[in-house]
Amino acid sequence: MVELSWSAATVPDSRPMRMKTSVPPITSEAQTPESTFVPCASTASLFLYAEGSAIVCLHHDTLAVERRFENHTEDIGFISVDNVSERGAGRLVVSYDVSQTAVVWDLFTGSVIARFASFEQLKVAAWMRNGNIAFGTSTLSLRDA
């Protein structure tokens, strides 16, 4: 059996200068590009994404715009499609905006089914098999609607 020892001390680089790589030092002001997460979701035939306070529904095959849902007044925070329950079956969508308003709507008709106002900022929504929606907050608490 071979025993290995580990040391936290740095080991000097014994390679000739022409073989050493020059790596720029890591600075506290990292220059990472700003990226913004665009809320999106999908069904078997449609791709949904947020464009400000509107949700654009594109057909998967052609990427043609099927419809726009414009019943929010503020920017969309997240979108969740019911792909698990028998009642929704890819037809029901919940979207949530930064003014803490969640809207449940029918993807095929665009009609609003329900509107909720939350007291806490929601981070995620997931559809349950029975057709209910579970909302999650940043404090790791769940709410059932």
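Rules behind the numbers
Residues numbered from 1 in each chain as written. Predicted model: local features only at pLDDT ≥ 70, side-chain atom pairs only at ≥ 80, totals over all residues. Heavy atoms only, no water. Helix = DSSP H or I, 4+ residues; strand = E, 2+ residues; numbered from the N terminus. Buried < 20%, exposed > 50% of the residue type's maximum accessible area, 1.4 Å probe, protein only. Contact = heavy atoms within 4.5 Å. Areas by Shrake-Rupley, 256 points an atom, 1.4 Å probe, with all protein chains shown as cover. Salt bridge = Lys/Arg side-chain N within 4 Å of Asp/Glu carboxyl O. pLDDT = per-residue confidence, 0-100. Core = buried A, V, L, I, M, F, W, Y, C linked by side-chain atoms within 4.5 Å.

Colleague: Just give me the short version of the overall build of the protein chain, but keep the residues and values in it.
Modeller: A count of helical and extended segments in the protein chain gives zero helices and eleven strands. Written out in order from the N terminus, the α and β elements of the protein chain read β-β-β-β-β-β-β-β-β-β-β. Scored against the burial criterion, the 145 residues of the protein chain give a buried share of 32%. Residue pairs at least 24 apart in sequence account for 31% of intrachain contacts in the protein chain once pairs closer than 6 positions are excluded. Accessible surface, the protein chain: about 10400 Å² in total, of which carbon and sulfur atoms supply 56%.

Colleague: Can you lay out the pattern of salt bridges for me, pointing to particular residues and giving the numbers?
Modeller: The tally for this structure, following the rule as stated, stands at three salt bridges. The partner of Glu51 in a salt bridge is Arg68, and the shortest N-O contact between them spans 2.9 Å. Here Arg68 lies in strand S4 (residues 65–69) and Glu51 lies in strand S2 (residues 46–51), a separation of 17 residues in the sequence. Sharing partners across several salt bridges, the network here consists of Glu51, Arg68 and Glu70.

Colleague: Summarise unusual backbone geometry; cite the residues concerned and give the values.
Modeller: Notably, Leu63 is not glycine yet its phi reads approximately 60 degrees, a positive angle. Position of Leu63 among the secondary structure elements: in the loop between strand S3 (54–59) and S4. A relative accessible area of 56% places Leu63 in the exposed class. The phi torsion at Gln100 lies on the positive side, around 65 degrees, for a residue other than glycine. Within the secondary structure, Gln100 is located in the loop between strand S6 (92–97) and strand S7 (101–106). What makes Gln100 partly exposed here is its relative accessible area of 22%.

Colleague: Please give an account of the confidence of the model for the protein chain that cites residues and values.
Modeller: On average, residues of the protein chain score 81 in pLDDT, and 72% of them reach the 70 mark or higher. Strand S11 (residues 142–144) is the least confidently modelled element of the protein chain, averaging 60 in pLDDT, while S6 averages 94, the highest of any element.

Colleague: How would you sum up the nonpolar core? Please name residues and give values.
Modeller: Leu48, Ile55, Ile79, Val93, Trp105 and Leu107 are the most contacted members of the largest nonpolar core, which has 14 residues in total. Apart from the residues within four sequence positions on either side, Trp105 is in contact with Leu48, Ile55, Cys57, Phe69, Arg91, Leu92, Val93, Ser95, Gly110, Ser111, Val112 and Ile113. If you look at the next biggest cluster of nonpolar residues, it comprises eleven residues, including Tyr96, Trp127, Ile133 and Phe135.

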